[in-house]
Each structure stands twice: as C-alpha cells, then as structure tokens.
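Breakdown of the fold
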Amino acid sequence: DRKNGYVYVADTWNHRIERFSLDGVYQFYWMGDFYGPRDVLVDGNGDIYVTDTGNCFIKKYSHKGELLKQFGSKGSGDGQFQEPVGLALDNEGNIVVADTWNQRVQRFKPDGTFIDKFDVAGWYGNNIREPYITVDSGDKVYLTDSSQEKILIYGLKEGNLLSVLTTKSVLGRMSAPVGIAFNEKDGTLIISDFNGNSIQIIDLK
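Residues numbered from 1 in each chain as written. Predicted model: local features only at pLDDT ≥ 70, side-chain atom pairs only at ≥ 80, totals over all residues. Heavy atoms only, no water.

If you walk across this open sheet you meet the four strands as E8-E9-E10-E11, and the pairing is antiparallel. In this open sheet, the two edge strands, each paired with only one partner strand, are strand E8 (84–89) and strand E11 (114–119). Recorded for the sheet is a direction-independent mean angle of 20° between the axes of neighbouring strands. Bridge count for E8 against strand E9 (residues 95–99) is four bridges, and the pairing is antiparallel. Residue pairing across strands places leucine 89 opposite isoleucine 95, the latter belonging to E9. (Pairing = 2+ DSSP bridges. Helix = DSSP H or I, 4+ residues; strand = E, 2+ residues; numbered from the N terminus. Axes fitted to C-alpha atoms, helices over the stretch in contact; angles between N-to-C directions.)

Once that is clear, we can look at the nonpolar core. One finds Val120, Val141 and Leu143 to be the most contacted residues of the largest nonpolar core, which totals 14 residues. Elements with a contribution of two residues or more to this core: E9, strand E12 (133–135), strand E13 (140–145) and strand E14 (150–155). In contact with valine 141, not counting residues within four places along its chain, are Phe118, Ile133, Thr134, Val135, Leu152, Ile153, Tyr154 and Leu156. Of all hydrophobic cores here, the second largest spans twelve residues; its members include Tyr142, Ile153, Ile180 and Phe182. (Core = buried A, V, L, I, M, F, W, Y, C linked by side-chain atoms within 4.5 Å. Buried < 20%, exposed > 50% of the residue type's maximum accessible area, 1.4 Å probe, protein only. Contact = heavy atoms within 4.5 Å.)

Sheet topology places strand E17 (residues 188–193) next to strand E18 (residues 198–203); six bridges connect them, and they run antiparallel. In the sheet register, aspartate 193 faces E18, and the bridge partner there is serine 198. Linkage of E17 to E18, two consecutive antiparallel strands, is achieved through a turn of four residues, within which asparagine 197 is found at a positive phi near 50°.

Now for the environment of threonine 12. Within the fold, threonine 12 resides in the loop between strand E1 (6–11) and strand E2 (16–21). Here threonine 12 falls in the buried class, since its relative accessible area comes to 16%. Each C-alpha atom of the pair threonine 12 and phenylalanine 81 lies 18 Å from the other, and the pair is 69 residues apart in sequence. Ignoring sequence-local partners within four residues, the contact set of threonine 12 consists of Gly36, Pro37 and Arg38.

Mapped onto the elements, valine 42 comes out in strand E4 (residues 37–42). Along the chain, valine 42 and histidine 63 lie 21 residues apart, while their C-alpha atoms are 9.0 Å from each other. Apart from residues lying up to four places away in sequence, valine 42 is in contact with Asp1, Tyr8, Asp47, Ile48 and Leu89.

A few words now on the side chain of asparagine 102. Locating asparagine 102 in the fold gives a position in the loop between E9 and strand E10 (104–108). Look at asparagine 102 and you get buried, because its relative accessible area is 14%. Contact partners of asparagine 102, with chain neighbours within four places excluded, come to Gly75, Ser76, Gln80, Phe81 and Gln82.

Let's shift gears to the sheet that holds E1. Strand order across the open sheet formed by three strands is E1-E2-E3, with antiparallel pairing between neighbours. Two strands lie at the open edges of the sheet, namely E1 and strand E3 (26–30), each paired on one side alone. Pairs of neighbouring strands in the sheet enclose a mean axial angle of 25°, with direction left out of account. Bridging between E1 and E2 involves six bridges; their strand directions are antiparallel. Of the residues in E2, the one forming a bridge with alanine 10 is isoleucine 17.

Here it is, written out as structure tokens:
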C-alpha cells in the first residue's frame, strides 16, 4: 500500500489478512469470514481487494480492515467465480481476476460491476494450481501456470494469447512459477518459484 505505507499478507489457511508496516512490524489482522483467501490487491486509493477463494467472493476493504464491498458468487455466469485466485489492476484502475476453474480471466470496475472476460486455454479443472496474475503498462496480462511450468501472456482487451514463457526457455531454472508482479520502473517481471524457494527477476526486453 504505497499511499498509506502498509504491507498486507493473505494468510490463507489461518483464513485472515495480516497488516505490517513497511519495515516488517506486525500491526493487526482481520478474519472477514474468509475461507482460504489467496491474494491481496491495493488500488491507488489505498482500498484493499481480497480473493475469498473458498467462498467465491471478491471482498473490498479500507486500510483499517472495514468491509466496503463484496461482489461475486459461486457459479459460471458473468461476475461469478469458481476458485478465484490472482488479482491485478489494469491501467485504468479496474480489477482483473484469475477465475481458475471457470478457465478464464474476468475484469471489473472498482465497485464490482462486470466489464468483460476472456477464456484461458489449457486450464482444466484441478489441473491448474493457484494462478496469479499481473498486468504491464501495455495491457499485457501475465498468468502463472505452475502445474505446467509456464507463464501465459494475453492481450487484456482482445483476450488473445500472445505468447508462452516456459521454464525451458526464458524462465531458465525455474520449476514452478506462482506469484508474479510487473515492475513499472524497469519493465521486468518479478516471479516467485514455489519449488525452487527463490525469487527471480526476468527482463523481457
């Protein structure tokens, strides 16, 4: 949270969100009736979005942990979810969600209004493991696929597959890419390697 100076952690199997200062000092947590929260996103206003994966909701909070909005439900219609995991902001401040078992990515306005969606080829039921997501300054969407050891790159608005990064090519020695972020300052991808217990920085230029 750049605006307020906090770090938030999705403590998945304690079913809570924890807040720390930027120097790592624990502050507090809130439960929020979560079932397996997987990702936390902070927008430019300092509001916090959480994927409540088991309950199939996106929940929006203030930096004090006050519930501001909840949207979504279990299902396969527009605005519904089956195992939502990764969250990202696009360049217009909209919320982008990896809707895992529906094999798609959905996009919403900050108030939870559905905008659009696109299908993700190769995601089949439980074969995909916890995909995380980031969006670069050119509206390319990067999706981690740790079960197949690759990163999928899509055009956000067209929903077309642009390219695939594999662990045998660009990703080098990485074996299970999970968390991912785009660094706006230098245009690199920052990726956590689940099996390799490491963080890798990938320059795609």
